[in-house]
Amino acid sequence: NPLVVVLLASQWISEQIVTEMDNEGIECKRIQEIIPLEYTITGKELKSKNIDGHYRDKMGNTIYFDSTIPDNLHIQFKGMNNRLIVGNNVSTASLFICFGNNGICSLGSDSELIGVEIYTSNGKIEIGEKCLFSTQIVLRNHDGHHIFDRETKERMNHNKDILIGNQVWVC
């Protein structure tokens, strides 16, 4: 009884493969059904787990925080080996952080992020202490779309780190 595992395919291709395997009577699963590659966890959930300020999943994603982590912080992991460090007394009305692979995000103590989205992969985004962020702020250390030089075939838009110092107002 073979088991087919489908990974890294778009949703419609996955559905097509699963349908074809079902028609042949072959059991088929998407890798996401076996290993949760993408999920979201909130500050409220982290506090409720009573894990003493350190969370780590099977994919090597790690979160360091204290009891003041905002309940409405939403952290999405789409990859592996990521690290989030949340300083003391960070406050937010809406904060969404999305990780690809090998991303680092650091939020400095006593910072206030009203309406912010952060996307990091293969690099870091660091926010210093006592920073203020207004609404509709988006930070990305990558484009998400690779651009290649026509002649050399080399990628042109590599990921870059974002470093924001202490007591900075972003609006």
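Scroll up for the structure.
Keep in mind it's a predicted model, so treat the numbers as computed, not measured. (Residues numbered from 1 in each chain as written. Predicted model: local features only at pLDDT ≥ 70, side-chain atom pairs only at ≥ 80, totals over all residues. Heavy atoms only, no water.)

Peer 1: Please provide a residue-by-residue account of the packing of aromatic side chains, values included.
Peer 2: What the rule picks out here adds up to 3 aromatic pairs. On the numbers, 5.6 Å between centres and 50 degrees between planes, the contact of Tyr39 with Phe77 is tilted. Placement of the pair is Tyr39 in strand S3 (residues 39-42) and Phe77 in strand S6 (residues 73-77), with a sequence separation of 38 residues. Residue classification places Phe77 among the buried positions, given a relative accessible area of 0%. Residues Phe96 and Tyr119 carry aromatic rings whose centres are separated by 5.9 Å and whose planes lie at 65 degrees to one another, so their mutual orientation is edge-to-face. Of the two residues, Phe96 sits in strand S8 (residues 91-99) while Tyr119 sits in strand S10 (residues 112-120), which places them 23 residues apart along the sequence. On the accessibility criterion, Phe96 (21% relative accessible area) is partly exposed. Residue classification places Tyr119 among the buried residues on the basis of a relative accessible area of 16%. Counting every residue linked through ring pairs, the aromatic cluster contains Tyr39, Phe77 and Phe99. (Phe/Tyr/Trp six-rings, centres within 6.5 Å; stacked < 30°, edge-to-face > 60°. Helix = DSSP H or I, 4+ residues; strand = E, 2+ residues; numbered from the N terminus. Buried < 20%, exposed > 50% of the residue type's maximum accessible area, 1.4 Å probe, protein only.)

Peer 1: Describe the pattern of salt bridges, naming the residues involved and giving the relevant values.
Peer 2: The full count for this structure, using the stated rule, is 2 salt bridges. For Asp71, the salt bridge identified is with Lys47, shortest N-O distance 2.6 Å. Of this pair, Asp71 sits in the loop between strand S5 (62-64) and S6 while Lys47 sits in helix H3 (residues 43-48), and the two are 24 residues apart along the sequence. Here Asp71 falls in the partly exposed class, since its relative accessible area comes to 39%. Among the ionic pairs, Glu126 bridges to Lys124, the shortest N-O distance being 3.7 Å. (Salt bridge = Lys/Arg side-chain N within 4 Å of Asp/Glu carboxyl O.)

Peer 1: How would you explain the side chain of Asn82 if you had to name every residue and give the values?
Peer 2: By secondary structure assignment, the location of Asn82 is in the loop between S6 and strand S7 (83-86). One polar contact links the side chain of Asn82 to the main-chain carbonyl oxygen of Met80, over a distance of 3.3 Å. At 3.2 Å, the side chain of Asn82 and the backbone nitrogen of Asn102 are in polar contact. Apart from the residues within four sequence positions on either side, Asn82 is in contact with Gly60, Asn61, Thr62, Phe77, Phe99, Gly100, Asn101, Asn102 and Gly103. (Polar contact = N/O pair within 3.5 Å; in protein donor to acceptor, adjacent residues only side chain to side chain. Contact = heavy atoms within 4.5 Å.)

Peer 1: So, the environment of Pro70: which residues are in play, and what are the values?
Peer 2: Looking at the secondary structure, you find Pro70 in the loop between S5 and S6. For the pair Pro70 and Val90, spaced 20 residues apart in sequence, the C-alpha separation works out to 6.8 Å. Apart from the residues within four sequence positions on either side, Pro70 is in contact with Gly43, Lys44, Val90, Ser91 and Thr92.

Peer 1: A description of the pairing of strand S11 (residues 123-127) should follow, citing residues and the corresponding values.
Peer 2: The alternating pattern of S11 places Gly123, Ile125 and Ile127 on a buried face, while none of Lys124 and Glu126, on the opposite face, is buried. As paired strands, strand S9 (residues 103-107) and S11 are joined by 5 bridges and run parallel to one another. The residue bridging Ser106 from the neighbouring strand is Glu126, located in S11. Where S11 lies against strand S14 (residues 162-164), 3 bridges are found, and the strand directions are parallel. Each residue of the ladder has a partner; that of Ile127, found in S14, is Ile164. (Pairing = 2+ DSSP bridges.)

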